[in-house]
Amino acid sequence: MLREQILKLLSEGFAQEIKHDDHQLLAEVSPERLQALTELLLKRFNARLSYITASDEGVKGFQVVYIFSFGHVERGVYLVAKVSASRFNGRVPSLASTTRQAIWAERETMEFTGITFTGNPDPRHLWLPYTWPEYDYRKVRIGAEESLHAGRDLRARVIPIGPYHPATLEGQYVKLFMERDVIVDADIKLGFNHRGVNRLIERRSFDRGVFAAERVCGICSGAHGLAYVTAVERLCDVKPPERALHIRTLLAELNRIQSHLLWLGVLCDITGFKTGFMLSWSLRERILDIISLITKYRVHYNIWRLGGVSRDIPDDLAGKIVRQLSKLKEQASSLAKKIAEHPLIKHRLMEVGILKFHDAVDIGAVGPTARGSGWKIDVRVDHPPNAAYADHGIQWEIPVYTGQDCYARLLVRIDEILESINICQQILNKLPQLPKDLLTEVGNPTEGSEAVGFNEAPRGELLYYVKAGEEGAPACVRVRTPSYRNNACLPAMLKGYTLADAPVIMASIDQCMACTDRVEIVDVKKQSSFALSWHELLAFSRKASRRFSINA
Amino acid sequence: MLKCIIDASTLVGVVVFAILMGCIYQFIFRKFTALLQGRRGPLVLVYRDLWHLMGITRILQSLYDVGKLLAKNTVIPGSAFKPLYIASPILALVFAILSAVFIPLPGMPILGSLEHSLSLAILFLALYSSMVFIGGAASSSPWSAAGAKREIIQFAFYETTLVLSAFLVAVTCGSFSILQISMKTRSLPLLITNPFAALLFLLACTGKLHIKPYDVPEAEPEVVAGPYTEYGGKLLALFLTARLIIIYTCISLFSTLFLSMGLFLSVDPWLSHVFFSCLAVVALSILHAISPRLRGPGAVAKSYLILMVILTILSATSAVILSPLYTGG
């Protein structure tokens, strides 16, 4: 229904060329009509602007890709709108005045491709070193500095958090402008972990890209693997066997449980509750043991394959895991209750870091951050990945809290841990009845075809945009991680709170900078940077292992 | 002047004893906290195959930390106010030692027998704490400044609490001499008769020793290491040594004032002193393990104010009622 309405709107002079299948709509849009189209999509169809990126089309220039998601309105529907831009001095109107969801993505695209988004209020670089002369983050602050000076206090104290700081653990630079003890403004700079993983995936064939995708993040590696295979399987129009789909769900949910337990520990650590931190992480170890029983690995599962999975779960192992999970569920429930009901934890999290519902929608919060602000979005329902969820009779509740504060985000994640254990138990009980096939043959996708693979990573909506190139290799791969989106909400969440609240607010969105910054190796002595080839990386790893074994 | 009232060998003996007891108290604190967190904590007996690397025991881990820092170079930030930056840790150590000499030990009154030993011990404890925030402020780092600011706010409250507690004890026993208070309460410990004053004292200790929930000045995720952020090498070693002595002073003062149970339990006074001091450390470690940090200096002030007022009223009432028991009036 919605799909038809969007098609009708597009055909009213907005799109020059429209392609569509069951869920995906592809349209070529003229730059002049882009803003009007976006306004209509957002207002009339309640669309989310999931991502803006650009693909390099060689001599033809760039194609700016706008991914609009309608999954929360009608399941699985999304639109990929494309606008052509010249290779030299390409100009595209900015959508920042229409939606704040566009600001970061436009800044990123401007930095990577040189396209100018006319009208973007914040054209500063996002990824270059923060001392880059064009905009030195330590000195210059366009816009915000003016508003500060025009405001009450000229002596706003600047407290820098990062690039390396005990509160964030990963590289980022958050600049807090303080008036007395209150944060009056905040600015965030990324790029300290930027490794160009997109490019690494583009240099590999489709089937080998999954290994690079898994390495985007060490905590939600499973989520990246699943999102990547979902995107490529959509390109090839392949449906993996039932059993493989169920095993994928099991691992994605185990991934979510361990990630949330890790987060719970980090939150306890930041609030100074070390006991909670130790107990959460010891429980997480049990989940990692289960993952290791299934995949033989703890961090990167190496189980995702195009058209299925590489390992089966024998029936006796499934039974054993079900028993372990029942015990873990009790322990997790009891621990979570102790943490959530601790009066000091409540005091530190309640009414802190409020992200209002309309801000969450406008800036584009995802995952538990959005659900903690009362916005019921979950990719497992909106754009199910190629795994077994509601379509396969798996039942679960999407936890949504309306508190809008850090405590609501804590409750969402606690509920998700228990719901994910519930999903794992359903899957494991179903597995013995499923046929034993694990893989389907996958051919090469048509050159120029494109697809988006969504997945609900532990931190929220994860998106892979893949465009097929020649001879079974991708021409363009783009990754939009959930932390990228949630980090953009941080300044709005920090304003009005104290320095003591800042680490808690930053932790409440479960920041993952490795994901956000997506290896480039920099030789400091030679002042050059290069990427390691697969064989070089392998040799490097073997050398390190040999040295370790000798020392041991 | 100090030489007139205490000889050098006694002073060295007190310093060594205070540092060793500080290490042992910190070991007990870490061990119990670890046990409550499902960890093993510092090892009493190291695995035999690691003896050549780690030694036989890690009970004196805090001392090894100080030793390591003493072997390191000291870096002084260019923007720091050098005289205060260097003087603060040295003076902190001096004041910590001066506070320790007023703690009487069973059979060894040291300076605890002085008429105003309690007031002087508390004065030197306060001077030690002031050196911490002065050092932090002299560092010229935003983190040190933020930490120092937090320390000053907390200082105002825990020092008031400490003074109130000590004053109430003195009023109850009719003396400001630590030794006399200890002698008078040996048959009927103050912990039993006026537990509110003991709680008031423990409340002050948690703030002074930065035990959770009152570790706001050193909250790592918020202000890195607070006043200590820019300190390293030998100067940090001095701060850590001073801290070990302060741990000893606070705990021993608590057990001397409130847990002098030698006569009450008919046990050896030394055994009673050490045992009850360790028990106080265990109580603090439990509090540390079960509490998250308070939300900034505002929450510290609020919680201190509420607890201080309630406990002061209760203990003052007890002091007025119980005073005749100890003063013989």
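Parameters and conventions
- Residues numbered from 1 in each chain as written.
- Chains lettered and ligands numbered in written order.
- Predicted model: local features only at pLDDT ≥ 70, side-chain atom pairs only at ≥ 80, totals over all residues.
- Heavy atoms only, no water.
- Helix = DSSP H or I, 4+ residues; strand = E, 2+ residues; numbered from the N terminus.
- Rg over C-alpha atoms; globule rule 2.2 N^0.38 Å.
- Buried < 20%, exposed > 50% of the residue type's maximum accessible area, 1.4 Å probe, protein only.
- Pairing = 2+ DSSP bridges.
- Axes fitted to C-alpha atoms, helices over the stretch in contact; angles between N-to-C directions.
- Contact = heavy atoms within 4.5 Å.
- Salt bridge = Lys/Arg side-chain N within 4 Å of Asp/Glu carboxyl O.
- Phe/Tyr/Trp six-rings, centres within 6.5 Å; stacked < 30°, edge-to-face > 60°.
- Lys NZ or Arg CZ within 6 Å of the ring centre and 35° of its normal.
- Expected span 1.5 Å × (residues − 1).
- pLDDT = per-residue confidence, 0-100.
- Parallel < 35°, antiparallel > 145°, perpendicular 65-115°, else oblique.
- Left-handed = near helix turned anticlockwise from the far one by under 90°.
- Buried area = accessible area lost by both parts, 1.4 Å probe.
- Core = buried A, V, L, I, M, F, W, Y, C linked by side-chain atoms within 4.5 Å.
- Polar contact = N/O pair within 3.5 Å; in protein donor to acceptor, adjacent residues only side chain to side chain.
- Patch = residues over 30% accessible without salt bridge, like charges linked within 9 Å, V, L, I, M, F, W, Y side chains within 5 Å.
- Areas by Shrake-Rupley, 256 points an atom, 1.4 Å probe, with all protein chains shown as cover.

As for the overall build of chain B
At step 1: When helices and strands are tallied, chain B shows 15 helices and zero strands.
At step 2: For 329 residues, the compact-globule estimate of 2.2 N^0.38 gives 20 Å, and the C-alpha radius of gyration of chain B, at 20 Å, lies within 12% of that figure.
At step 3: Considering only C-alpha atoms, chain B reaches an extent of 60 × 50 × 50 Å along its principal axes.
At step 4: Evaluated residue by residue, chain B yields a buried proportion of 56% over its 329 residues.

With respect to the sheet that holds strand β4 (residues 62-69) of chain A
Residues and elements named next belong to chain A.
At step 1: Taken together, the five strands give an open sheet; going across it, the order is β1-β2-β5-β4-β3, and neighbouring strands pair in mixed fashion. Single-partner strands in this sheet number two, and they are β1 (15-20) and β3 (48-56). With direction set aside, neighbouring strand axes in the sheet form an average angle of 20°.
At step 2: Helix α1 (residues 2-14) rests against β1, β2 (24-29) and β5 (78-85) of the sheet, and its axis sits at about 155° to β1.

Some points on the pattern of salt bridges
At step 1: Within the structure shown, the criterion is met by 38 salt bridges over all chains.
At step 2: Arginine 293 of chain B is paired through a salt bridge with aspartate 215 of chain B; the nearest N and O atoms lie 3.1 Å apart. A residue pair is termed long-range when its members are at least 10 positions apart, and arginine 293 of chain B in the loop between α14 (269-290) and α15 (296-327) and aspartate 215 of chain B in the loop between α10 (195-208) and α11 (220-223) qualify at 78 residues. For the pair arginine 293 of chain B and aspartate 215 of chain B, one class covers both residues: buried.
At step 3: Among the salt bridges present, the one from arginine 293 of chain B reaches glutamate 222 of chain B, with a minimum N-O distance of 3.8 Å. Of the two residues, arginine 293 of chain B sits in the loop between α14 and α15 while glutamate 222 of chain B sits in helix α11, which places them 71 residues apart along the sequence.
At step 4: Members of the salt-bridge network, linked through shared partners, are Arg348 of chain A together with Arg150, Lys212, Asp215, Glu222 and Arg293 of chain B.

Observations concerning the packing of aromatic side chains
At step 1: By the definition in use, this model includes 23 aromatic pairs over all chains.
At step 2: Taking 6.0 Å as the distance between ring centres and 15° as the angle between the ring planes, the aromatic pair formed by phenylalanine 102 of chain B and phenylalanine 124 of chain B counts as stacked. Taken together, the residues phenylalanine 102 of chain B in the loop between α5 (82-100) and α6 (117-138) and phenylalanine 124 of chain B in helix α6 connect sequence positions 22 residues apart. An identical accessibility class is assigned to phenylalanine 102 of chain B and phenylalanine 124 of chain B; each is buried.
At step 3: In textbook terms, an aromatic cluster arises when at least three aromatic residues are bridged by ring pairs, as seen for Tyr51, Trp104, Phe112, Trp127 and Tyr484 of chain A.
At step 4: Sitting over the ring of phenylalanine 14 of chain A, arginine 33 of chain A keeps its end group 4.1 Å from the ring centre.
At step 5: Arginine 87 of chain A extends its terminal NZ or CZ atom over the ring of phenylalanine 62 of chain A, reaching a point 4.9 Å from the ring centre.

Concerning helix α3 (residues 101-113) of chain A
Residues and elements named next belong to chain A.
At step 1: Between its first and last C-alpha, α3 extends 19 Å over 13 residues, near the 18 Å set by a 1.5 Å rise per residue.
At step 2: Among the 13 residues that make up α3, 11 are buried, leaving the element largely enclosed by the rest of the structure.
At step 3: Those residues of α3 that fall on the buried side of the exposure criterion are Gln101, Ala102, Ile103, Trp104, Ala105, Glu106, Arg107, Glu108, Thr109, Met110 and Thr113.
At step 4: Positioned one or two residues after α3, glycine 114 has a phi angle of 85°, which is positive.

Focus: unusual backbone geometry
At step 1: With an omega dihedral of 10°, the bond running from lysine 212 of chain B to proline 213 of chain B counts as a cis peptide bond.
At step 2: Considering the arrangement of structural elements, one finds proline 213 of chain B in the loop between α10 and α11.
At step 3: Here the phi dihedral of asparagine 46 of chain A falls at roughly 60°; this positive angle occurs in a residue that is not glycine.
At step 4: Look at lysine 296 of chain A: it is not a glycine, yet its phi comes out positive at around 75°.
At step 5: Assignment of secondary structure puts lysine 296 of chain A in the loop between α9 (274-295) and β11 (304-305).

Re the confidence of the model for chain A
Residues and elements named next belong to chain A.
At step 1: Across chain A, the average pLDDT comes to 87, with 89% of residues at 70 or higher.
At step 2: Counting interchain partners and residues more than four positions distant, the pLDDT-below-50 stretch residues 140-154 has 19 contacts.
At step 3: Of the regions scoring below 50 in pLDDT, residues 519-532 engages in 18 contacts with residues more than four places distant in sequence or in other chains.

Section: the packing of helix α7 (residues 142-173) of chain B against α10 of chain B
Residue and element names in this part refer to chain B.
At step 1: Taken N-terminus to C-terminus, the directions of α7 and α10 make an angle of 150°; their axes are 8 Å apart at the nearest point. In this view, α7 runs roughly antiparallel relative to α10, as classed from their interaxial angle. For the pair α7 and α10, the crossing hand works out as left-handed. Here Gln154, Tyr158, Glu159, Thr161, Leu162, Leu164, Ser165, Leu168 and Val169 of α7 come into contact with α10, specifically with Ala197, Leu200, Phe201, Leu203, Ala204, Gly207 and Lys208.

Notes on the interface of chain B and chain A
At step 1: Counting residues at the interface gives 25 residues for chain B, matched by 28 residues for chain A.
At step 2: Per-residue buried area on chain B facing chain A is highest for Pro221, Pro292 and Arg295 of chain B; these three make up 31% of the total on that side.
At step 3: On inspection of chain B and its partner chain A, the count reaches two salt bridges.
At step 4: Residue glutamate 222 of chain B pairs with arginine 348 of chain A through a salt bridge whose shortest N-O separation is 3.0 Å.
At step 5: Only α7, α11, α14 and α15 of chain B provide two or more residues apiece to the side of chain B that touches chain A.

Some details on the nonpolar core
At step 1: Counting residues in each nonpolar core, the largest one holds 177 residues, and the members touching the most others are Tyr66, Leu176, Leu254 and Tyr464 of chain A.
At step 2: The dominant element in this core, judged by the number of residues it contributes, is helix α8 (residues 242-270) of chain A, at 15 residues.
At step 3: Residues in contact with leucine 254 of chain A, not counting those within four places in the same chain, are Ile287, Ile290, Ile291, Ile294, Leu325 and Cys424 of chain A.
At step 4: Cys23, Phe27, Ile97 and Ile103 of chain B belong to the second largest nonpolar core, which has 81 residues in total.

Regarding the side chain of serine 69 of chain A
All names here are of chain A.
At step 1: Looking at the secondary structure, you find serine 69 in strand β4.
At step 2: Here the side chain of serine 69 touches histidine 383 through a polar contact of 2.8 Å, side chain to side chain.
At step 3: When near neighbours in sequence (up to four residues on either side) are disregarded, serine 69 contacts Ala47, Arg48, Ser50, Val77, Tyr78, His383 and Glu461.

A short note on the sheet that holds strand β15 (residues 474-480) of chain A
Residues and elements named next belong to chain A.
At step 1: Taking strand neighbours across the sheet as the criterion, the three strands line up as β13-β14-β15 in an open arrangement whose pairing is antiparallel. Either end of the sheet is taken by a strand with one partner, and the two such strands are β13 (450-457) and β15. The average undirected angle you get between the axes of adjacent strands in this sheet is 15°.
At step 2: Relative to β15, strand β14 (residues 460-468) runs antiparallel, the two sharing six bridges. Each residue of the ladder has a partner; that of lysine 467, found in β15, is cysteine 476.

So, a nonpolar patch on the surface
Residue and element names in this part refer to chain B.
At step 1: A contiguous nonpolar patch, built from Val12, Val16, Leu20, Leu63 and Tyr64 and spanning about 390 Å² of accessible area, is present on the exposed surface.
At step 2: Taken together, the elements giving at least two residues each to the nonpolar patch come down to α2 (8-36) and α4 (61-70).
At step 3: Broken down by element, the residue count for the nonpolar patch peaks at three residues, all from α2.
At step 4: With respect to the secondary-structure elements, leucine 20 resides in helix α2.
At step 5: Residue class for leucine 20 comes out partly exposed when judged on its relative accessible area of 34%.

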